[in-house]
Amino acid sequence: MNVSGINQYTPIQNNNNQTATATQAANFSQNLATSQAALATKTVTAQKGDTVWGFAQKYGSTVQQITDQNHLKDPNLILIGQKLKIPVSQTTTPTIAAQAYLTNQPTNANNPSAVQTDTKSSNSVVQPLSDAEEKARAYIVQHESGGNYNARNGKYIGKYQLDSSYLNGDYSPANQEKVAANYVAKRYGNWENAMKHWESHNWY
């Protein structure tokens with residue numbers, strides 16, 4: 001169905017020179033919206049390491065939209081092989097993580113104090129993640145918190161188990177994503193290097 005160029009509803013006249021009823025107009029609008037919604041949904045099959053958040057970032061959707069679309073009780077728990085309907089954005093916009101991803105030289109991985117997490121830096125570069133990067137990030141998330149933004153372990157907070165001092169009191173999901181991307185980029189250069197360090201030391 002070609003829906004482009006439909007910006008106005010044109011009254012339809014019947015034999016009595018009367019306009020179509022409001023009900024007809026409402027039905028037309030509803031059918032149009034349904035057609036657009038159908039065009040903007042993609043079915044995917046969850047693989048090992050996939051997360052609802054990862055799908056949301058990849059397809060320009062949100063965790064809430066995917067949760068509602070698939071009637072998920074817990075967005076942090078999906079099964080390998082599970083089919084999900086993903087609302088796909090009609091426009092491509094940078095994700096929160098991509099906006100925060102910085103291409104800086106990695107610092108010494110064995111010196112945590114050398115890492116600086118300046119979340120206000122204006123030198124950020126939009127850097128979408130490759131499939132390998134997505135999988136590496138998902139690996140770390142799964143081992144650190146299982147994808148729980150509210151997870152706590154002493155001073156370590158949230159989905160990425162970041163030091164609370166890095167988050168500056170803002171524990172929102174958006175800030176956790178931004179600070180985690182900044183942290184990994186500055187310390188390891190990318191998520192794959194961070195995963196390799198995690199595999200060797202059980203932390204990153």
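Residues numbered from 1 in each chain as written. Predicted model: local features only at pLDDT ≥ 70, side-chain atom pairs only at ≥ 80, totals over all residues. Heavy atoms only, no water.

Enquirer: Can you tell me about the overall build of the protein, naming the residues and giving the values?
Expert: Scanning the protein from terminus to terminus reveals eight helices and five strands. Its helices and strands taken in sequence order, the protein reads α-β-α-α-β-α-α-β-β-β-α-α-α from the N to the C terminus. Here the protein, with 204 residues, has 33% of them falling under the buried criterion. Sequence separation of 24 or more characterises 58% of the internal contacts of the protein that already satisfy a separation of 6 or more. Just so you have it, the protein exposes about 12600 Å², and 48% of that area is on carbon and sulfur atoms. (Helix = DSSP H or I, 4+ residues; strand = E, 2+ residues; numbered from the N terminus. Buried < 20%, exposed > 50% of the residue type's maximum accessible area, 1.4 Å probe, protein only. Contact = heavy atoms within 4.5 Å. Areas by Shrake-Rupley, 256 points an atom, 1.4 Å probe, with all protein chains shown as cover.)

Enquirer: Can you break down the pattern of salt bridges residue by residue, with the values?
Expert: All told, the structure shown has three salt bridges when counted by the stated rule. Linking Asp163 and Lys155 is a salt bridge whose minimum nitrogen-to-oxygen distance equals 3.3 Å. Taking relative accessible area as the criterion, Asp163 reaches 14% and is therefore assigned buried. Overall, Lys155 belongs to the partly exposed group, its relative accessible area being 45%. Between Glu177 and Lys159 there is a salt bridge whose closest N-O contact spans 3.2 Å. Of this pair, Glu177 sits in helix α7 (residues 173–187) while Lys159 sits in the loop between β4 (156–157) and β5 (162–163), and the two are 18 residues apart along the sequence. The exposure class assigned to Glu177 is buried, which follows from its relative accessible area of 2%. Its relative accessible area of 3% is what places Lys159 among the buried residues. (Salt bridge = Lys/Arg side-chain N within 4 Å of Asp/Glu carboxyl O.)

Enquirer: So what about the environment of Val141? Which residues, and what values?
Expert: Residue placement: Val141 occurs in helix α5 (residues 131–144). A relative accessible area of 3% places Val141 in the buried class. Sequence spacing of Val141 and Lys159 is 18 residues, and the spatial spacing of their C-alpha atoms is 6.2 Å. The contact partners of Val141, leaving out residues within four places of it in the chain, are Gly146, Gly147, Lys159 and Tyr160.

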